[in-house]
Amino acid sequence: MADKDKCFSVNAIIVLLVAHFCASVASTGLRNLSLSIKPPWVRRGQEAQLHCQYEMEGTPLYSVKWYRGTLEFYRYSPFENPPAKIFPFTGIKVDMTVSNATHVTLRNVGFNLSGNFTCEVTADAPSFYTGVATNVLTVVELPHSPPTLWTEHTKYDPGDILRANCSTPPSKPGATITFLLNSMTVSSIQSRVISKFLLHS
């Protein structure tokens, strides 16, 4: 075979491989996969809603698996009976009445749920193509009452040293305290944080 014919054959094979690859990608049936968490900052004891968005483009859905970190806690498989299944995970309480192939609602969230959540979507045959999307949930605790302010004296003369203490109830993350004197911020050099209260559970 002439070198020209060999070159033509190689080029033809490359074109066929590229065309096959593009067709395979186009036939996965899964596009625009993303995960949203509302609210991204949720108070301890409240609920969080996880929304896995995707487009199947006519290809049947095989399954949607949900993970906290690397551990699966919820799965939706439309061809199984029942289609929804929960896996044990300490602190995760899935509301099955409002959870489905695209949404998962978590009730009474705790601090241990802060971190990465992932939805893994798999298309049905023939591709069984799988895509994943990840987002972060942060669980917080706000102070339950306003801060309290203590000063060493009730009256001061010009030139006196003012010593004050501001205390806040426990929170997570710890509260940021800023002192104002006559509506002017006191510099951080003149004030310091004695301690921060962090809640653990």
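Remember, predicted model here, so these are calculated numbers, not experimental data. (Residues numbered from 1 in each chain as written. Predicted model: local features only at pLDDT ≥ 70, side-chain atom pairs only at ≥ 80, totals over all residues. Heavy atoms only, no water.)

1. Topic: the overall build of the protein chain
Summing up its helical and strand segments, the protein chain has one helix and 13 strands in all. Counting helices and strands in the order they occur from the N terminus, the protein chain gives α-β-β-β-β-β-β-β-β-β-β-β-β-β. When each of the 201 residues of the protein chain is scored for burial, the buried share is 28%. Here the protein chain displays about 13500 Å² of accessible surface, and carbon together with sulfur accounts for 59% of that area. (Helix = DSSP H or I, 4+ residues; strand = E, 2+ residues; numbered from the N terminus. Buried < 20%, exposed > 50% of the residue type's maximum accessible area, 1.4 Å probe, protein only. Areas by Shrake-Rupley, 256 points an atom, 1.4 Å probe, with all protein chains shown as cover.)

2. Focus: the sheet that holds strand β7 (residues 103-106)
Reading across the sheet, the three strands line up as β1-β3-β7 and stay open at both edges, with antiparallel pairing between neighbours. Because the sheet does not close on itself, it has two edges, and the strands there are β1 (31-38) and β7. Shown here is a sheet whose adjacent strand axes are inclined to one another by a mean of 10°, direction ignored. Relative to strand β3 (residues 48-55), β1 runs antiparallel, the two being bridged by six bridges. Paired with K38 across the bridge in β3 is Q49. (Pairing = 2+ DSSP bridges. Axes fitted to C-alpha atoms, helices over the stretch in contact; angles between N-to-C directions.)

3. Looking at the packing of aromatic side chains
Applying the stated rule across the entire model yields two aromatic pairs. Aromatic side chains Y62 and F128 sit 5.4 Å apart centroid to centroid with 85° between the ring planes, which places their arrangement in the edge-to-face category. Here Y62 is found in strand β4 (residues 61-68), whereas its partner F128 is found in the loop between β8 (115-123) and β9 (130-140), with 66 residues between them in sequence. Note on Y62: relative accessible area 41%, which makes it partly exposed. Ring geometry for F73 against F117: centres 5.8 Å apart, planes inclined by 85°, an arrangement best described as edge-to-face. Taken as a pair, F73 in strand β5 (residues 71-76) and F117 in strand β8 lie far apart in primary sequence, 44 residues in all. The exposure class of F73 is buried, given its relative accessible area of 0%. Given a relative accessible area of 0%, F117 falls into the buried group. (Phe/Tyr/Trp six-rings, centres within 6.5 Å; stacked < 30°, edge-to-face > 60°.)

4. Some words on the state of the cysteines
Throughout the structure, instances matching the rule amount to one disulfide. Between the sulfur of C52 and that of C119 lies a disulfide, 2.2 Å long from S to S. Taking the torsion about the sulfur-sulfur bond, which here is approximately 70°, the covalent link between C52 and C119 counts as right-handed. Residue C52 is found in strand β3, and its partner C119 is found in strand β8; the two are separated by 67 residues along the sequence. Of the two residues, C52 and C119, both sit in the buried class. (Disulfide = S-S within 2.5 Å.)

5. Looking at the environment of A123
By the element assignment, A123 lies in strand β8. Along the chain, A123 and V64 lie 59 residues apart, while their C-alpha atoms are 9.1 Å from each other.

6. Looking at the side chain of S99
Secondary-structure assignment places S99 in the loop between β6 (84-86) and β7. Residue S99 is classed as buried on the basis of its relative accessible area, which comes to 9%. A distance of 2.7 Å separates the side chain of S99 from the backbone oxygen of D95, its partner in a polar contact. Engagement of the side chain of S99 in a polar contact is seen with the backbone nitrogen of T105, the distance being 3.2 Å. Discounting residues that sit within four places of it in the chain, S99 has contacts with Y74, V94, V104 and T105. (Polar contact = N/O pair within 3.5 Å; in protein donor to acceptor, adjacent residues only side chain to side chain. Contact = heavy atoms within 4.5 Å.)

7. Let's talk about the pattern of salt bridges
A side chain with one charge can pair with a side chain of the opposite charge if their charged atoms come near. For the structure on display, the rule yields seven salt bridges. The shortest N-O distance in the salt bridge between R31 and E57 comes to 3.0 Å. In this pair, R31 is assigned in strand β1 and E57 in the loop between β3 and β4, connecting sequence segments 26 residues apart. Residue classification places R31 among the partly exposed residues on the basis of a relative accessible area of 44%. Given a relative accessible area of 43%, E57 falls into the partly exposed group. (Salt bridge = Lys/Arg side-chain N within 4 Å of Asp/Glu carboxyl O.)

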